[in-house]
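Take a look at the letters that make up each chain.
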Amino acid sequence: MLAGMTTEPEQQIGVGTPDSFQRLWTPHRMAYIQGENKPTGPGADDGCPFCSIPAKSDEDGLIIARGERVYAVLNLYPYNGGHLMVVPYRHVADYTELDEAETVELARLTKQAMTALRAASGAHGFNIGLNQGSAAGAGIAAHLHQHIVPRWGGDTNFMPVIGATKVLPQLLADTRAMLADAWPV
C-alpha cells in the first residue's frame, strides 16, 4: 500500500474522478488478451488467421509483400512500430516442416523486411525469431510465423517496463503503406 492511500470506501477515488495521472489507453490490446482471432484448433480450417489473411487485399490484411510461398504481414499486436512477420502460405506448425523452397523464401523475405525497415524507419537493430509451440510463447502455434521486430537505441523506457503499455506513433495502415513503398524488389 502506498503512503497516504486507504482502502476505506469513502476515501477511494471514484470512477471518473480527476486525479494526477495521465492515462494512455490501449483498448485494442484487450482483443489479444481475450484471444480474439485465435484458431479454434490445429488445422488450417480451424480459424487460422494466417490462412485467411492472404485472401484479403494487401491493405485489409496488412500485407506488406507477397512471395510465391511466403508473405510479410504487420503484426496486429506489435511489440514495436513496424513489427512484422514472415509467414508461409502453407499451414505448417514447425520450422522443420518447411520444404527447401519455403525455407529459402522465408530467409529472403526476412532480409527484404530488414532492408525495408531500415530504409523506412531507420531501425538500429532487430529481434528476429520463431516461437515454436505454445510452451515457447507462440500465440498461434499451429501456423509457423517468424517475427521481425525493429529496434532503436533507447526504445525501451518506463512505459512498457512499468506501465505495461507500448506507445506506437503510427497507425498500422500507415505503417503498412510506408513499408510496402520501401520494400526492395
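Quick caveat: nothing in here was measured; it's all calculated off a predicted structure. (Residues numbered from 1 in each chain as written. Predicted model: local features only at pLDDT ≥ 70, side-chain atom pairs only at ≥ 80, totals over all residues. Heavy atoms only, no water.)

*Asks:* Sorry if this is basic, but what is going on with the pattern of salt bridges here?
*Replies:* Two side chains with opposite charge may pair up if their charged atoms get near one another. One pass over the full model with this rule turns up 5 salt bridges. R90 is the salt-bridge partner of E102, the closest N and O atoms lying 2.7 Å from each other. Residue E102 is located in helix α4 (residues 100-121), and its partner R90 is located in the loop between β3 (84-88) and α4; the two are separated by 12 residues in the primary sequence. With relative accessibility at 4%, the residue E102 sits in the buried group. (Salt bridge = Lys/Arg side-chain N within 4 Å of Asp/Glu carboxyl O. Helix = DSSP H or I, 4+ residues; strand = E, 2+ residues; numbered from the N terminus. Buried < 20%, exposed > 50% of the residue type's maximum accessible area, 1.4 Å probe, protein only.)

*Asks:* What is the right way to read the packing of α4 against helix α6 (residues 172-182) from this model?
*Replies:* In a packed pair of helices, the relevant descriptors are the angle between the two axes and the axis-to-axis distance. Across the interface, α4 lies against α6 with an axial gap of 8 Å and an inter-helix angle of 110 degrees. The angle between the axes of α4 and α6 places the two elements in the roughly perpendicular class. Viewed along their axes, α4 and α6 form a crossing whose handedness is right-handed. Along the contact surface, α4 presents A116, L117, A119 and A120, while α6 presents M178, L179 and A182. In terms of residue class, the contact of α4 with α6 is made up of 7 nonpolar, no polar and no charged. (Axes fitted to C-alpha atoms, helices over the stretch in contact; angles between N-to-C directions. Parallel < 35°, antiparallel > 145°, perpendicular 65-115°, else oblique. Left-handed = near helix turned anticlockwise from the far one by under 90°. Contact = heavy atoms within 4.5 Å. Nonpolar A, V, L, I, M, F, W, Y, C, P; charged D, E, K, R; others polar.)

*Asks:* For this particular structure, what's the right way to read the environment of A119?
*Replies:* Checked against the element boundaries, A119 lands in helix α4. The exposure class of A119 is exposed, given its relative accessible area of 60%.

*Asks:* I tried to follow the sheet that holds strand β4 (residues 125-130) on my own but got confused; where do I start?
*Replies:* Note on sheets: strands pair through backbone hydrogen bonds, and any given pair is parallel or antiparallel. Overall, antiparallel pairing links the 5 strands, which are arranged β1-β2-β3-β5-β4 in an open sheet. Two strands in the sheet have a free side with no partner beyond their single neighbour: β1 (63-66) and β4. Geometrically, the sheet is characterised by an average inter-axis angle of 20 degrees between neighbouring strands, direction not taken into account. Here strand β2 (residues 70-74) runs beside β3; their pairing, made up of 5 bridges, is antiparallel. Bridge assignment links Y71 to a residue of β3, and that residue is V87. (Pairing = 2+ DSSP bridges.)

*Asks:* Hey, could you run me through the nonpolar core in this one?
*Replies:* Residues F50, V73, L84 and W183 are the most contacted members of the largest nonpolar core, which totals 31 residues. Taken together, the elements giving at least two residues each to this core come down to β1, β2, β3 and α4. Here this core takes 6 residues from α4, the largest share from any one element. (Core = buried A, V, L, I, M, F, W, Y, C linked by side-chain atoms within 4.5 Å.)

*Asks:* Explain the pairing of β3 to me, please; I cannot follow it from the model alone.
*Replies:* For β3, a buried count of 5 out of 5 residues is recorded, marking the element as mostly surrounded by other parts of the structure. On β3, burial covers both faces: L84, V86 and P88 on one face and M85 and V87 on the other are all buried. The pairing of β3 with strand β5 (residues 146-151) spans 3 bridges and is antiparallel. Each residue of the ladder has a partner; that of L84, found in β5, is I148.

*Asks:* It is not clear to me how the side chain of H147 should be interpreted in this structure. Could you clarify?
*Replies:* Within the fold, H147 resides in strand β5. Residue classification places H147 among the buried positions, given a relative accessible area of 11%. A polar contact is formed between the side chain of H147 and the side chain of H83, at a distance of 2.8 Å. Residues contacting H147, with those up to four places away along its chain left out, are N75, H83, L84, M85, N127, I128, G129 and N131. (Polar contact = N/O pair within 3.5 Å; in protein donor to acceptor, adjacent residues only side chain to side chain.)

*Asks:* Explain unusual backbone geometry here, please?
*Replies:* Negative phi characterises most residues that are not glycine, and trans characterises most peptide bonds. The phi dihedral of L62 falls on the positive side, at around 60 degrees, and the residue is not glycine. The topology assignment puts L62 in the loop between α3 (58-61) and β1. For L62, a relative accessible area of 10% translates into the label buried.

*Asks:* What is the right way to read the confidence of the model for the protein from this model?
*Replies:* Close inspection of predicted coordinates is inappropriate in any region flagged by low pLDDT. For the protein, per-residue confidence averages 83 on the pLDDT scale, and 71% of positions sit at 70 or higher. Confidence drops under pLDDT 50 across residues 1-11; counting only partners more than four residues distant or on other chains, this segment forms 4 contacts. (pLDDT = per-residue confidence, 0-100.)

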